[in-house]
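# Summary of the model geometry
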Amino acid sequence: MTKTILLLPGDGIGPEVIAQAEKILNALRATGKLDVRLEYAPIGGCAVDAHGTPLPEETLALAREADAVLLGAIGGPKWDKLERHLRPERGLLGIRSELGVFANLRPAVLHPHLAEASTLKPDVVSGLDLMIVRELTGGIYFGMPRGIRTTEQGEREGFNTMVYRESEIARICRVAFDIARRRNRRVCSVDKANVLEVSGLWREVAENVAGEYPDVALSHLYVDNAAMQLVLTPKQFDVIVTSNMFGDILSDLAAMLTGSIGMLPSASLDESGKGLYEPIHGSAPDLAGKNIANPLATILSTAMMLRYSLEEAKLAEHIEAAVNRVLAQGLRTVDIATSNDRTVGTNEMGDAVTAALSLTIT
Ligand code: IPM
Ligand code: MG
């Protein structure tokens, strides 16, 4: 049966990198090995411009009906001055929340050919393969109450609430433990339990869930120490599980271990495995329209989509192999290039991966 993929190009470099994912999907369709229909909808700033809202009802309806959703990026200076409810970020947070995609998987893998691209010494990062499991639909991003109020003294104060229910902590921990079972059976839970009550509960629940997984080792780190350990000895980690905001911060950090944030894909899954897929980089307005952005994070997100939501693990492997092949050939976008490398643009990189894929698959 034909499955539907909803493409949400969004803003900035989003449309350029999604165009490369489309080439990959179309190449797979052409072989007859993938039976999908592609649909398109606006989200973020472009949706504000066209429809007056960052998450139009129609986009949400299409996303609910689709078998999987692939998103480029949202946001840019053009929309930064808008009221908060109209900001592009609201579109992204809204679709994550409405689709209930609470489990955000952010793998940080160093491609063998890119050890030189990291700012860390090659021996610290070579062979790096860790998975950050970030809670995505709760915590301080969504907690109530929130706002800006005026005190009795007439001064304004801003406030947000970091809140987690036991069930929310337990379900994200189970995702992390299940993933660890398919890897090296180690989970590190990251919190700030020395200061925050919500983290104290997080730690307690993580311990309880660990009881269901006697074959997986659980450890805990405070988030400040985790940030330090990630730079010091990143290969000590297998799976990291953490809350929404800590995961946001640590995943950018982990991205740089691999050389460029332009390399890292992500999957956000709901209870049934349906997903929203996005590169973890943002809309990079300064790079937009210049054909220089790295499309590999989006192409690798496409692979994750095939694996996790479309039951096409073999095709996912083919895409990943094609990416490895073009990297081995020495193709580099500017973000992953060292001084001697010849660089290629977004389109050329997309074409090269598509060509490498077509070679292996037919
Ligand atoms: C991310 C981004 C988003 C987040 C922003 C754009 C709202 O930084 O996906 O990591 O904070 O979740
Ligand atoms: Mg982020």
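None of these values were measured; they are calculated from a predicted model. (Residues numbered from 1 in each chain as written. Chains lettered and ligands numbered in written order. Predicted model: local features only at pLDDT ≥ 70, side-chain atom pairs only at ≥ 80, totals over all residues. Heavy atoms only, no water.)

## As for the site of ligand 1
- Taken together, Glu89, Leu92, Arg96, Arg106, Arg134, Tyr141 and Asp248 make up all the residues around ligand 1.
- Arg134 has a polar side-chain atom sitting 2.9 Å from an oxygen atom of ligand 1.
- Here ligand 1 has 320 Å² of accessible area as a free molecule, and 76% of this is covered by the chains.
- Top element by residues in the shell around ligand 1 is helix H4 (residues 88-99). It accounts for three residues.
- Per-class residue counts for the shell around ligand 1 are two nonpolar, no polar and five charged.
- Both of domain 1 (1-102 + 270-362) and domain 2 (110-259) provide at least three residues apiece to the shell around ligand 1. (Near = heavy atom within 4 Å. Polar contact = N/O pair within 3.5 Å; in protein donor to acceptor, adjacent residues only side chain to side chain. Areas by Shrake-Rupley, 256 points an atom, 1.4 Å probe, with all protein chains shown as cover. Helix = DSSP H or I, 4+ residues; strand = E, 2+ residues; numbered from the N terminus. Nonpolar A, V, L, I, M, F, W, Y, C, P; charged D, E, K, R; others polar. Domains from an automatic or database assignment.)

## Some points on the packing of helix H11 (residues 313-328) against helix H12 (residues 346-361)
- As a packed pair, H11 and H12 sit with axes 8 Å apart at the nearest point and diverge in direction by 125°. Here H12 runs oblique to H11, going by the angle between their axes. Here H11 runs over H12; the crossing is right-handed. Together, Leu315, His318, Ile319, Ala322, Val323, Arg325 and Val326 of H11 and Met349, Ala352, Val353, Ala356, Leu357, Leu359, Thr360 and Ile361 of H12 make up the contact between the two elements.
- Grouping the amino acids of the contact of H11 with H12 by side-chain chemistry returns 12 nonpolar, two polar and one charged. (Axes fitted to C-alpha atoms, helices over the stretch in contact; angles between N-to-C directions. Parallel < 35°, antiparallel > 145°, perpendicular 65-115°, else oblique. Left-handed = near helix turned anticlockwise from the far one by under 90°. Contact = heavy atoms within 4.5 Å.)

## Some words on the domain arrangement of the chain
- When its domains are assigned, the chain resolves into domain 1 (1-102 + 270-362) and domain 2 (110-259).
- Centre-to-centre separation of domain 1 and domain 2, based on C-alpha positions: 24 Å.
- Tallying the contact residues gives 19 residues for domain 1 and 21 residues for domain 2.
- Buried area between domain 1 and domain 2, summed over both chains or domains, comes out near 1,600 Å², and the portion from carbon and sulfur atoms is 66%.
- Contact with domain 2 buries area across many residues of domain 1, yet Arg96, Phe102 and Ile280 alone supply 36% of it, more than any other trio.
- Seen at the junction of domain 1 and domain 2, the total is one salt bridge.
- A salt bridge links Arg171 to Glu271, with the nearest nitrogen and oxygen atoms 3.0 Å apart. (Buried area = accessible area lost by both parts, 1.4 Å probe. Salt bridge = Lys/Arg side-chain N within 4 Å of Asp/Glu carboxyl O.)

## Let's talk about the sheet that holds strand S12 (residues 275-277)
- With respect to topology, 10 strands assemble into an open sheet ordered S2-S1-S3-S12-S11-S4-S5-S10-S8-S9, the strand pairing being mixed. A strand with exactly one partner marks an edge of an open sheet, and here the two such strands are strand S2 (36-40) and strand S9 (217-222). On average, each strand axis in the sheet is inclined to that of its neighbour by 25°, with strand direction left out of account.
- Pairing analysis gives three bridges linking strand S4 (residues 103-109) to strand S11 (residues 267-269), with the strands arranged antiparallel. When the bridges of S11 are listed, Asn104 appears paired with Ser268.
- Contacts between helix H9 (residues 244-257) and the sheet are confined to S4, strand S5 (129-135), strand S8 (186-191) and strand S10 (239-242), with S5 contributing the most and set at about 155° to the helix. (Pairing = 2+ DSSP bridges.)

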